[in-house]
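One-letter residues, chain by chain:
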Amino acid sequence: MKKIEVVAAIIYFGNEILCVQRPKNKLSYISEKFEFPGGKIEKGETKEEALKRELIEELNFIPTKIEDLFLTVVHKYPDFELTMHSFVCYAETKDINLNEHISCEWLTLNDLIKLDWAEADIPIVNRLVQNGQKV
Ligand SMILES: Nc1nc2c([nH]c(=O)n2[C@H]2C[C@H](O)[C@@H](COP(=O)(O)OP(=O)(O)OP(=O)(O)O)O2)c(=O)[nH]1
């Protein structure tokens, strides 16, 4: 099975997190699903370099800070196996451009589960919510 390796950014502005909606796609399981911005790691790139490049390409956005790895998810979709490395980042503004996505929402932790996420994102969403519930 084809394997792809992707980086994704969990971008906080205050206590809100940026969620972006993918466009229509022939693969129904990712079509119009919500995700964290990011994309495939290119040859020779570090994960952080890939993340910065993708955020500029997709959102014209430069994070003020990128934290260490949050969670790596390995998920088998019907057509490929996805390895996705997620990183918490911080924004000082909500001023982003949607160059590839069809909509976005800035949501607090408890609202994240209301969206129709790509399946691979569910473990990340769950971990974020669980961490938020720790005292
Ligand atoms: N960026 C990102 N991709 C995700 C998430 N969840 C998820 O299943 N994916 C899947 C959807 C895609 O099949 C793949 C990411 O590939 P992509 O096509 O967006 O990457 P890319 O920007 O490098 O695209 P391209 O150059 O190949 O057009 O990972 C997520 O939260 N963020």
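Residues numbered from 1 in each chain as written. Predicted model: local features only at pLDDT ≥ 70, side-chain atom pairs only at ≥ 80, totals over all residues.

A.B. asks: Help me out: how do you make sense of the UniProt feature "domain: Nudix hydrolase" (unreviewed entry) in the protein chain in this one?
C.D. replies: The UniProt record annotates "domain: Nudix hydrolase" (unreviewed entry) at residues 2-130. Taken end to end, residues 2-130 has its terminal C-alpha atoms 32 Å apart, with 17% of it in helix and 40% in strand. (UniProt positions renumbered as here; feature names shortened; annotations may be inferred. Helix = DSSP H or I, 4+ residues; strand = E, 2+ residues; numbered from the N terminus.)

A.B. asks: Before we go on, may I ask you to explain the confidence of the model for the protein chain in this structure?
C.D. replies: In regions of low pLDDT, the predicted coordinates are not meant to be interpreted in detail. Here the protein chain shows a mean pLDDT of 96. Residues at 70 or above account for 99%. In the model output, the complex is listed with pTM 0.96 alongside ipTM 0.94. (pLDDT = per-residue confidence, 0-100.)

A.B. asks: Looking at this structure, how should I read helix H1 (residues 47-59)?
C.D. replies: Quick reminder: α-helices carry 3.6 residues per turn. Residues three or four places apart thus point the same way. Spanning 13 residues, H1 covers 18 Å between terminal C-alpha atoms, matching the ideal 18 Å at 1.5 Å per step. Every buried residue of H1 is listed here: Ala-50, Leu-51, Glu-54, Leu-55 and Leu-59. Along the axis of H1, the buried residues cluster in a sector spanning 130°; they form a single face. Contacts from the buried residues of H1 go to strand S1 (2-13), strand S4 (38-40), strand S5 (65-76) and strand S6 (80-90). (Expected span 1.5 Å × (residues − 1). Buried ≥ 20, exposed ≤ 12 C-beta atoms within 10 Å, placed from the backbone. Arc of directions from axis to C-beta. Contact = placed C-beta atoms within 7 Å.)

A.B. asks: Help me understand the site of the ligand, please; the structure alone is not making it clear to me.
C.D. replies: As a matter of local geometry, the ligand sits amid 14 residues, with Glu-35, Gly-38, Gly-39, Lys-40 and Ala-118 nearest to it. Those elements giving two or more residues to the shell around the ligand turn out to be S1, S4 and S6. The element best represented in the shell around the ligand is S4, accounting for three residues. Looking at the shell around the ligand residue by residue, the classes come out as eight nonpolar, two polar and four charged. (Near = placed C-beta within 6 Å. Nonpolar A, V, L, I, M, F, W, Y, C, P; charged D, E, K, R; others polar.)

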